[in-house]
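Structural overview for review
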Amino acid sequence: FKISESFFRGKFLNSKINGDINFKKNFFFNLNLDINDLNLRKFLLYYFSKNNNNSYFTLGSSKKINGQLKIQSRSANSFFGKISNAKCLLLFQNGDIEIKKGSIELYKNSKLKFDVLYTENEKTPRIEFSTRFSTDDYGKFLKKFEVYDVDEKKTFSVVQGVIYLEDRALKIKNI
């Protein structure tokens, strides 16, 4: 099936969608999502809040679902305020979910780049991640989190680690 100039709308998302879905032999998809409106804060509160029963959303995917989503968003609402120019490649491969080349502009000249892998291959589900954060004015960025006594201007940080989901443990490999 070829999809062109179509729209995907939901409670938290309004997106244009293009690409193709193949059912021959194996299920495979290659889709492009150009997100017009995404309220990430409402999405996360809806599915991951402790106070409601909407948490039927689970991590992981069937090993039979394979494909990729190229995602772009010019603007979205989050816990950090507005995020803009978000891009990533979301891969589904044999039960693993991977985000490659993710990038987000958070605040004036503040950028976050990331790679994430969710896997269950070693019997314990885990999330491996790598983030790179840079900003031209660290003090102004931290004011959003009510941290005021920072005089740093430019900063750059890299964090690599693993989140073990069953143990609810975080292991930082490198900072």
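Above: the structure in question.
In this report, the structure presented in the accompanying data block is examined. (Residues numbered from 1 in each chain as written. Predicted model: local features only at pLDDT ≥ 70, side-chain atom pairs only at ≥ 80, totals over all residues. Heavy atoms only, no water.)

On to the nonpolar core. Leu-33, Ile-35, Leu-69, Ile-71, Leu-90, Phe-92 and Ile-104 are the most contacted members of the largest nonpolar core, which totals 22 residues. Among the secondary structure elements, those contributing two or more residues to this core are β2 (13-22), β3 (27-38), β4 (65-78), β5 (81-93), β6 (96-107), β7 (110-119) and β8 (126-135). Setting aside residues no more than four positions away along its own chain, Ile-71 makes contact with Leu-33, Ile-35, Ala-86, Lys-87, Cys-88 and Leu-90. (Core = buried A, V, L, I, M, F, W, Y, C linked by side-chain atoms within 4.5 Å. Buried < 20%, exposed > 50% of the residue type's maximum accessible area, 1.4 Å probe, protein only. Helix = DSSP H or I, 4+ residues; strand = E, 2+ residues; numbered from the N terminus. Contact = heavy atoms within 4.5 Å.)

Moving on, we get to the packing of aromatic side chains. Counted according to the given criterion, the structure contains four aromatic pairs. Between Phe-27 and Phe-29, the ring centres sit 5.9 Å apart and the planes meet at 50°, which makes this aromatic pair tilted. By relative accessible area, Phe-27 is classed as partly exposed at 28%. In textbook terms, an aromatic cluster arises when at least three aromatic residues are bridged by ring pairs, as seen for Phe-1, Phe-23, Phe-27, Phe-29 and Phe-92. Arg-9 extends its terminal NZ or CZ atom over the ring of Phe-7, reaching a point 4.9 Å from the ring centre. (Phe/Tyr/Trp six-rings, centres within 6.5 Å; stacked < 30°, edge-to-face > 60°. Lys NZ or Arg CZ within 6 Å of the ring centre and 35° of its normal.)

With that out of the way, let us pick up the pattern of salt bridges. In the structure shown here, the tally under the stated rule is three salt bridges. Taking the shortest distance from any N to any O, the salt bridge between Arg-74 and Asp-34 comes out at 3.1 Å. Taken together, the positions of Arg-74 in strand β4 and Asp-34 in strand β3 put the pair 40 residues apart, joining distant regions of the chain. Between Arg-132 and Asp-115 there is a salt bridge, with its nearest N and O atoms 3.6 Å apart. Taken together, the residues Arg-132 in strand β8 and Asp-115 in strand β7 connect sequence positions 17 residues apart. Overall, Arg-132 belongs to the partly exposed group, its relative accessible area being 26%. Judged by relative accessible area, which is 28%, Asp-115 ranks as partly exposed. (Salt bridge = Lys/Arg side-chain N within 4 Å of Asp/Glu carboxyl O.)

Before going further, it helps to examine the pairing of β8. Strand residues, when the strand is regular, have side chains that alternate between the two faces of the sheet. With 10 bridges connecting them, β7 and β8 associate as antiparallel partners. Bridge assignment links Phe-114 to a residue of β8, and that residue is Thr-131. Pairing of β8 with strand β9 (residues 155-164), which is carried by 10 bridges, proceeds in the antiparallel orientation. Paired with Thr-135 across the strands is Thr-155, a residue of β9. (Pairing = 2+ DSSP bridges.)

Both β2 and β3 contribute to a ladder of 10 bridges, which runs antiparallel. Among the inter-strand pairings, Leu-13 is bridged to a residue of β3, identified as Leu-38. Hairpin connection between β2 and β3: a loop of four residues separates the two successive antiparallel strands, and Lys-25 in this loop has a positive phi of roughly 55°.

So, on to a nonpolar patch on the surface. Taken together, the side chains of Ile-163, Leu-165, Leu-170, Ile-172 and Ile-175 make up a nonpolar region of the molecular surface, amounting to roughly 460 Å² of accessible area. Mapped onto the elements of the fold, Ile-172 is located in strand β10 (residues 169-174). (Patch = residues over 30% accessible without salt bridge, like charges linked within 9 Å, V, L, I, M, F, W, Y side chains within 5 Å. Areas by Shrake-Rupley, 256 points an atom, 1.4 Å probe, with all protein chains shown as cover.)

Attention now moves to the environment of Ser-73. Summarising the element assignment, Ser-73 is placed in strand β4. Overall, Ser-73 belongs to the buried group, its relative accessible area being 6%. Separated by 14 residues in the primary sequence, Ser-73 and Lys-87 have C-alpha atoms spaced 6.5 Å apart. What Ser-73 contacts, discounting residues up to four positions off in sequence, is Ile-35, Ser-84, Asn-85 and Ala-86.

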